[in-house]
Structure formats: structure tokens, C-alpha cells
Amino acid sequence: MDTTPVPEATDTECHTTHGYISDKDRYLARLKRIEGQARGIHRMVDEEQYCIDILTQISALTSALRNVGLGLLDDHMKHCVLDAAQLGEDAAEAKLKEASDAIGRLVRS
């Protein structure tokens, strides 16, 4: 069970739309491919394929997820953090901390 605390909503949420909204279809397509990769790994294990081949696919899946995460983080910085910076110091500090915490989670994963 995941015990990672869920971040609380803040008063400085993006006040219009999320930064990734213009690329939503691209993100959904990438996630659909990632879902297919995960199913493929499941099938490889079920069919008892060679360990190294499975590990290669796991590496590719991990990289794909990391790239989606980095893209979302970039969109967040360009949109939500920038918007908060324009609102003022408190909002900017909250968004920067939120982004820093997210970077920390990505680095640990």
C-alpha cells in the first residue's frame, strides 16, 4: 500500500487550467502506449520469456514514464509556477515548494 502523503490543495492552484491541457491528447496517447508496454511485460512473464528481455522492456517502460513525468513537470513550471509568481511572493513560494517536492519524488522513483 502506498503511504505517500497526498498533497493538500492550496489557495494557489492554477487559476485557469492545468499547464498540460494543451498537450492532453499527446499525454493520453503516450500513457496508452505505456499501458500497452505494461501489458506486454505481463504477457512476457506469463509466457516465461528470457529474463534479460523482460528487464529490457521494464527499462523502456520506466524511461517512458519518467519522460511523461518530466514533461508534466515542465508544463507545471511554465504554467502554474509562472502564474503563481505573477500573483505574488506567497503564491510563488508555495508553488516552488510544490514543484521542488515533486522533483524530489521523481528523483527517488
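Residues numbered from 1 in each chain as written. Predicted model: local features only at pLDDT ≥ 70, side-chain atom pairs only at ≥ 80, totals over all residues. Heavy atoms only, no water.

Regarding the overall build of the protein chain
Turning to step 1, where the next piece is worked out: Regarding its fold elements, the protein chain presents three helices and zero strands.
Turning to step 2, where the next piece is worked out: Secondary structure elements in the protein chain, listed N-terminal to C-terminal, are α-α-α.
Turning to step 3, where the next piece is worked out: Each of the 109 residues in the protein chain was classed as buried or not, and the buried ones make up 25%.
Turning to step 4, where the next piece is worked out: A total accessible area of about 8,200 Å² is found for the protein chain, and carbon and sulfur atoms account for 57% of it. (Helix = DSSP H or I, 4+ residues; strand = E, 2+ residues; numbered from the N terminus. Buried < 20%, exposed > 50% of the residue type's maximum accessible area, 1.4 Å probe, protein only. Areas by Shrake-Rupley, 256 points an atom, 1.4 Å probe, with all protein chains shown as cover.)

Details of the nonpolar core
Turning to step 1, where the next piece is worked out: One finds Tyr27, Ile34, Ile41, Met44, Ile54, Leu61, Ala64 and Val68 forming the largest nonpolar core, which totals eight residues.
Turning to step 2, where the next piece is worked out: Counting residues per element, the ones that place at least two in this core are helix 1 (24-46) and helix 2 (51-87).
Turning to step 3, where the next piece is worked out: Non-local contacts of Ile54, meaning those with residues more than four positions away in its chain, are made with Ile41, Met44, Val45 and Gln49. (Core = buried A, V, L, I, M, F, W, Y, C linked by side-chain atoms within 4.5 Å. Contact = heavy atoms within 4.5 Å.)

Digging into helix 2
Turning to step 1, where the next piece is worked out: With 37 residues, helix 2 extends 52 Å between its outermost C-alpha atoms, agreeing within 8% with the 54 Å of an ideal straight helix rising 1.5 Å per residue.
Turning to step 2, where the next piece is worked out: After helix 2 finishes, the residue Gly88 shows a positive phi value of roughly 140 degrees. (Expected span 1.5 Å × (residues − 1).)

Overview of the packing of helix 1 against helix 2
Turning to step 1, where the next piece is worked out: Axis separation between helix 1 and helix 2 bottoms out at 10 Å; the angle between their running directions is 160 degrees. On the basis of their axis angle, the class for helix 1 and helix 2 is roughly antiparallel. At the point where helix 1 passes helix 2, the crossing takes the left-handed sense.
Turning to step 2, where the next piece is worked out: The residue makeup of the contact of helix 1 with helix 2, split by class, is 15 nonpolar, four polar and three charged. (Axes fitted to C-alpha atoms, helices over the stretch in contact; angles between N-to-C directions. Parallel < 35°, antiparallel > 145°, perpendicular 65-115°, else oblique. Left-handed = near helix turned anticlockwise from the far one by under 90°. Nonpolar A, V, L, I, M, F, W, Y, C, P; charged D, E, K, R; others polar.)

Looking at the packing of helix 2 against helix 3 (residues 89-108)
Turning to step 1, where the next piece is worked out: Following both chains from N to C, one finds helix 2 and helix 3 inclined at 165 degrees, their axes separated by 8 Å at the closest point. As judged from the angle between their axes, helix 2 and helix 3 are roughly antiparallel. The handedness of the crossing between helix 2 and helix 3 comes out as left-handed. Contacts from Gly69, Leu70, Leu73, His76, Met77, Cys80, Val81, Ala84, Ala85 and Leu87 of helix 2 reach helix 3 at Ala91, Ala92, Lys95, Leu96, Glu98, Ala99, Ile103 and Leu106.
Turning to step 2, where the next piece is worked out: Grouping the constituent residues of the contact of helix 2 with helix 3 by class yields 14 nonpolar, two polar and two charged.

Observations regarding the pattern of salt bridges
Turning to step 1, where the next piece is worked out: Inspection of the entire model under this criterion finds five salt bridges.
Turning to step 2, where the next piece is worked out: Where Arg26 meets Asp23, a salt bridge forms, and the shortest distance between an N and an O atom there is 3.0 Å.
Turning to step 3, where the next piece is worked out: A relative accessible area of 41% places Arg26 in the partly exposed class.
Turning to step 4, where the next piece is worked out: The class for Asp23 is partly exposed, based on a relative accessible area of 24%.
Turning to step 5, where the next piece is worked out: Measuring nitrogen to oxygen at the nearest pair gives 3.0 Å for the salt bridge that ties Lys95 to Glu98. Residue Lys95 and its partner Glu98 are located together in helix 3, separated by three residues, close to a single helical turn. (Salt bridge = Lys/Arg side-chain N within 4 Å of Asp/Glu carboxyl O.)

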